[in-house]
Amino acid sequence: MSTNRGCTKEINPRCRCDTVLVSRRIATVGFGQKGAERFVRLLRDAGVATVVDTRRRPDSPDSGYARQRDLPSLLRSAADIGYEHRSELAPPSSLFDRYTRDEDWAAYVRDFEELVLASPDAKRAMTDLLARSDNEMMALLCLEPTPQRCHRRLVAERMQEFDASLELIHLV
């Protein structure tokens, strides 16, 4: 059986061609500046099956509807989307706190790569997520409304370095 990114077999199971759509994709999404309805709609419209929470403090009172104690049930009831927390992909509190004070993005990226992305735990988590991306659309979650200055983009880009065929989709 050949692979063809243009085949619609995954979309239309009655397709009689002998090709299968092969596409490894992972999304990133931030809940900041989005109401719960818009947030869930973005995920649902993108076909996300599981939200992978990459925050260090997922139960912060500042998280509103996205608090860890509330988010899994919101996702499940509103769109049948799963939830998991991967703290090994989160910045250490000291790095995050320093960045909120000095806003030195270049230093943040350098230190995040060294402290997080190079760690064995993060590498295992990214390898696991990559393996699952064959069969499941996931979205890396954080607070930042856009991916430009957010660690979830750095994680996704590192995953893409592991597998150049991985397509990144930033849900904004």
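Each remark here, short or long, concerns the structure printed above.
Everything in this summary refers to the structure shown in the same document. Quick caveat, the model's predicted, so the values are computed rather than measured. (Residues numbered from 1 in each chain as written. Predicted model: local features only at pLDDT ≥ 70, side-chain atom pairs only at ≥ 80, totals over all residues. Heavy atoms only, no water.)

### Digging into the state of the cysteines
Throughout the structure, instances matching the rule amount to zero disulfides. Counting only cysteine sulfurs, cysteine 150 is the nearest neighbor of cysteine 142, a cysteine outside any disulfide, at a range of 3.8 Å. Classification of cysteine 142 as buried rests on a relative accessible area of 10%. (Disulfide = S-S within 2.5 Å. Buried < 20%, exposed > 50% of the residue type's maximum accessible area, 1.4 Å probe, protein only.)

### Things to note about the packing of helix 4 (residues 105-117) against helix 6 (residues 151-162)
In contact at an axis separation of 11 Å, helix 4 and helix 6 are set at 55° when each is read in the N-to-C sense. Our classification of the angle between helix 4 and helix 6 gives oblique. Here helix 4 and helix 6 pass one another in a crossing that is right-handed. Packed against helix 4, whose contacting residues are Trp105, Tyr108, Val109, Phe112, Glu113 and Leu117, the element helix 6 presents His151, Arg153, Leu154, Val155 and Arg158 at the interface. Partitioned by chemical class, the residues of the contact of helix 4 with helix 6 number seven nonpolar, one polar and three charged. (Axes fitted to C-alpha atoms, helices over the stretch in contact; angles between N-to-C directions. Helix = DSSP H or I, 4+ residues; strand = E, 2+ residues; numbered from the N terminus. Parallel < 35°, antiparallel > 145°, perpendicular 65-115°, else oblique. Left-handed = near helix turned anticlockwise from the far one by under 90°. Contact = heavy atoms within 4.5 Å. Nonpolar A, V, L, I, M, F, W, Y, C, P; charged D, E, K, R; others polar.)

### Remarks on the nonpolar core
By size, the foremost hydrophobic cluster in this structure holds 24 residues, and its most contacted members are Phe112, Leu140, Val155 and Met159. Going through the elements one at a time, helix 3 (93-102), helix 4, helix 5 (120-132), strand 6 (138-142) and helix 6 are the ones with two or more residues in this core. Among the elements that make up this core, the one with the highest residue count is helix 4 (six residues). Beyond its immediate chain neighbours, meaning those up to four positions away, leucine 140 contacts Ile26, Ala27, Thr28, Val29, Val52, Thr54, Leu129, Arg152, Val155, Ala156 and Met159. (Core = buried A, V, L, I, M, F, W, Y, C linked by side-chain atoms within 4.5 Å.)

### With respect to the sheet that holds strand 7 (residues 167-171)
Pairing is parallel in the open sheet, where five strands are placed in the order 5-4-6-3-7. Strands with a single pairing partner mark the edges of an open sheet, and in this sheet they are strand 5 (82-85) and strand 7. The sheet shows a mean angle of 25° between the axes of neighbouring strands, taken without regard to direction. Here strand 3 (residues 25-30) pairs with strand 6 via five bridges, running parallel. Bridging from a neighbouring strand, glycine 30 pairs with cysteine 142 of strand 6. Contacts from helix 5 reach strand 4 (50-53), strand 5 and strand 6, with the element oriented near 140° to strand 6. Contacting strand 3, strand 6 and strand 7, helix 6 crosses the sheet at an angle of about 145° to strand 6. (Pairing = 2+ DSSP bridges.)

### Quick word on the pattern of salt bridges
Throughout the structure, instances matching the rule amount to 20 salt bridges. With its nearest N and O atoms 3.0 Å apart, the salt bridge here joins glutamate 157 to arginine 153. Of this pair, glutamate 157 and arginine 153 both sit in helix 6, four residues apart, which is roughly one turn of the helix. The exposure class assigned to glutamate 157 is partly exposed, which follows from its relative accessible area of 29%. (Salt bridge = Lys/Arg side-chain N within 4 Å of Asp/Glu carboxyl O.)

### Some points on the packing of aromatic side chains
Scanning all chains against the criterion turns up six aromatic pairs. On the basis of an interplanar angle of 50° and a centroid distance of 5.7 Å, the ring pair of phenylalanine 39 and tyrosine 65 is categorised as tilted. In this pair, phenylalanine 39 sits in helix 1 (residues 36-46) while tyrosine 65 sits in the loop between strand 4 and helix 2 (71-79), placing the two residues 26 residues apart along the sequence. Ring geometry for tyrosine 99 against tyrosine 108: centres 5.1 Å apart, planes inclined by 50°, an arrangement best described as tilted. (Phe/Tyr/Trp six-rings, centres within 6.5 Å; stacked < 30°, edge-to-face > 60°.)

Nothing here speaks to function; it is all geometry.
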